[in-house]
Amino acid sequence: SDNLDQYLNHNEKSGVDNDEVYKSEDIMSFNNLVTHDGVGCKQAPELMMQAHVVVFLLRLLKKLEYVRDTQNNNLELDDELTLVGRVLHHFMRAAFYNTHEITEIEKTGDRWENNNIRRIGRVTNSSLALINHSCDPNYRRVSDGVTTYGFACKPIGKGKEISDIYCKPFGSAPLQDRHRYLQKYNFKCECPACTNNWPDLAGLPSSLEGLPAKLYCQPANKIDSQAKRIQRAEDNFTKIS
């Protein structure tokens, strides 16, 4: 009973407002992730789809005798099946908002841009799911088997927040499209890319030369040397691809 209460009354601030150690591999850590239950404008088709999936899973569990059928194959759900359905629905919503897509590179051409990125599934990691969003993230992740490695993709200063990305980056999607996609997470992104309405790649200058000095974010006496380093990196990339 106590264990069931834990599942049904999850604590989204677990690990923050108490002395418990937050463990990513603990099923209760996943159970306590945010599900946005009761907030946002959920449409009837979304709710109906979730209900259908839960009922389908319940039928499978009954067929495999994981749960008892006290109704003798009656279509109505008894109290036990209702409780199981509530837990299943909660885990479905936790997975919907907190899992990460997994892709792999399939070599299909002689050049890097000719390779194919193939979706192969989704991964659950209760710790990495806590990282907030930015349309210009400073962190990325790579999965190897059942292990996921997080790494900085740009310098992160001391005390600065680590940020992941929940949608396409600002360089490949306009502001309106990003905000439309992020509505399902029930927040409005106010990252620098959104606040300042940064242009996408098509709207950025095609050359690093001749830009206003303040755009380089470098001391004036280092701009030329840094530009040359970038050019060498681009030349090397062209050679190997």
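Source: prediction; values computed, not measured.

Some thoughts on the nonpolar core
Next up, step 1: Counting residues in each nonpolar core, the largest one holds eleven residues, listed as Tyr97, Cys135, Cys167, Phe170, Leu175, Leu182, Tyr185, Cys189, Cys191, Ala193 and Cys194.
Next up, step 2: At the level of secondary structure, the elements contributing two or more residues to this core comprise α5 (175–182) and α6 (192–195).
Next up, step 3: With eight residues, the next largest nonpolar core counts Met28, Leu33, Val87 and Ala129 among its residues.

Thoughts on the state of the cysteines
Next up, step 1: Considering all chains together, one arrives at zero disulfides under this definition.
Next up, step 2: The structure places no disulfide on Cys135, whose sulfur is separated from the nearest cysteine sulfur, that of Cys194, by 3.6 Å.
Next up, step 3: The exposure class of Cys135 is buried, given its relative accessible area of 0%.
Next up, step 4: Note on Cys189: no disulfide assigned, nearest cysteine sulfur contributed by Cys191 at a separation of 3.5 Å.
Next up, step 5: Given the relative accessible area of 5%, Cys189 is considered buried.

Examining the pattern of salt bridges
Next up, step 1: Here the structure, examined in full by the defined rule, presents six salt bridges.
Next up, step 2: With a closest N to O distance of 2.1 Å, Glu104 and Arg118 form a salt bridge. Placement of Glu104 in strand β1 (residues 99–106) and of Arg118 in strand β2 (residues 116–124) is noted, with a sequence separation of 14 residues between them.
Next up, step 3: A relative accessible area of 32% places Glu104 in the partly exposed class.
Next up, step 4: Accessibility expressed as a relative area gives 38% for Arg118, which makes it partly exposed.
Next up, step 5: Among the charged side chains, a network of salt bridges with common partners joins Glu104, Glu106 and Arg118.

As for the packing of aromatic side chains
Next up, step 1: All told, the structure shown has seven aromatic pairs when counted by the stated rule.
Next up, step 2: For the ring pair Phe30 and Phe91, a centre distance of 5.8 Å and an interplane angle of 20 degrees mean the geometry is stacked. A residue pair is termed long-range when its members are at least 10 positions apart, and Phe30 in helix α2 (residues 27–31) and Phe91 in helix α4 (residues 79–98) qualify at 61 residues.
Next up, step 3: With relative accessibility at 8%, the residue Phe30 sits in the buried group.
Next up, step 4: Note on Phe170 and Trp198: the rings are 5.1 Å apart at their centroids and 75 degrees apart in plane angle, and the pair reads as edge-to-face. Taken as a pair, Phe170 in the loop between β6 (163–164) and α5 and Trp198 in the loop between α6 and α7 (223–240) lie far apart in primary sequence, 28 residues in all.
Next up, step 5: Residue class for Phe170 comes out buried when judged on its relative accessible area of 15%.
Next up, step 6: Given the relative accessible area of 30%, Trp198 is considered partly exposed.

A short note on the layout of surface pockets
One simple way to see leftover space: roll a probe sized like a water molecule over the atoms.
Next up, step 1: Of the voids in this model, the second largest pocket is the one considered here, and its volume is about 810 Å³.
Next up, step 2: Forming the walls of the second largest pocket are 21 residues, and the residues nearest its centre are Leu208, Leu211, Leu215, Tyr216 and Cys217.
Next up, step 3: Classifying every residue of the lining of the second largest pocket by side-chain character gives 14 nonpolar, three polar and four charged.

A look at the side chain of Asn32
Next up, step 1: Structurally, Asn32 is set in the loop between α2 and α3 (44–63).
Next up, step 2: Within the local environment of Asn32, its side chain forms a polar contact with the backbone nitrogen of Asn11, the two atoms lying 2.8 Å apart.
Next up, step 3: The residues contacting Asn32, other than those within four sequence positions of it, are His10, Asn11, Glu12 and Ser14.

Structural notes on α3
Every α-helical turn comprises 3.6 residues, leaving residues that sit three or four positions apart pointing alike.
Next up, step 1: Here α3 contains 20 residues, and its C-alpha end-to-end distance of 29 Å stays within 8% of the 28 Å for a straight helix at 1.5 Å per residue.
Next up, step 2: Of the positions making up α3, those classed as buried are Gln50, Val54, Leu58 and Lys62. Along the axis of α3, the buried positions cluster into a sector of 110 degrees, meaning they face one direction only. Across from the buried face of α3, at angles greater than 90 degrees, the exposed residues are Pro45, His52, Phe56 and Lys63.
Next up, step 3: For α3, the secondary structure elements touched by its buried residues are α4.
Next up, step 4: Trailing α3 by a residue or two, Glu65 shows a phi angle of about 65 degrees, which is positive.

Criteria and thresholds
- Residues numbered from 1 in each chain as written.
- Predicted model: local features only at pLDDT ≥ 70, side-chain atom pairs only at ≥ 80, totals over all residues.
- Heavy atoms only, no water.
- Core = buried A, V, L, I, M, F, W, Y, C linked by side-chain atoms within 4.5 Å.
- Buried < 20%, exposed > 50% of the residue type's maximum accessible area, 1.4 Å probe, protein only.
- Helix = DSSP H or I, 4+ residues; strand = E, 2+ residues; numbered from the N terminus.
- Disulfide = S-S within 2.5 Å.
- Salt bridge = Lys/Arg side-chain N within 4 Å of Asp/Glu carboxyl O.
- Phe/Tyr/Trp six-rings, centres within 6.5 Å; stacked < 30°, edge-to-face > 60°.
- 1 Å grid on protein atoms, 1.4 Å probe; cavity = no way out; pocket = protein on both sides within 12 Å on 5 of 7 lines; lining within 4 Å.
- Points joined across faces, edges and corners; volume = space filled by probe spheres on them.
- Nonpolar A, V, L, I, M, F, W, Y, C, P; charged D, E, K, R; others polar.
- Polar contact = N/O pair within 3.5 Å; in protein donor to acceptor, adjacent residues only side chain to side chain.
- Contact = heavy atoms within 4.5 Å.
- Expected span 1.5 Å × (residues − 1).
- Arc of directions from axis to C-beta.

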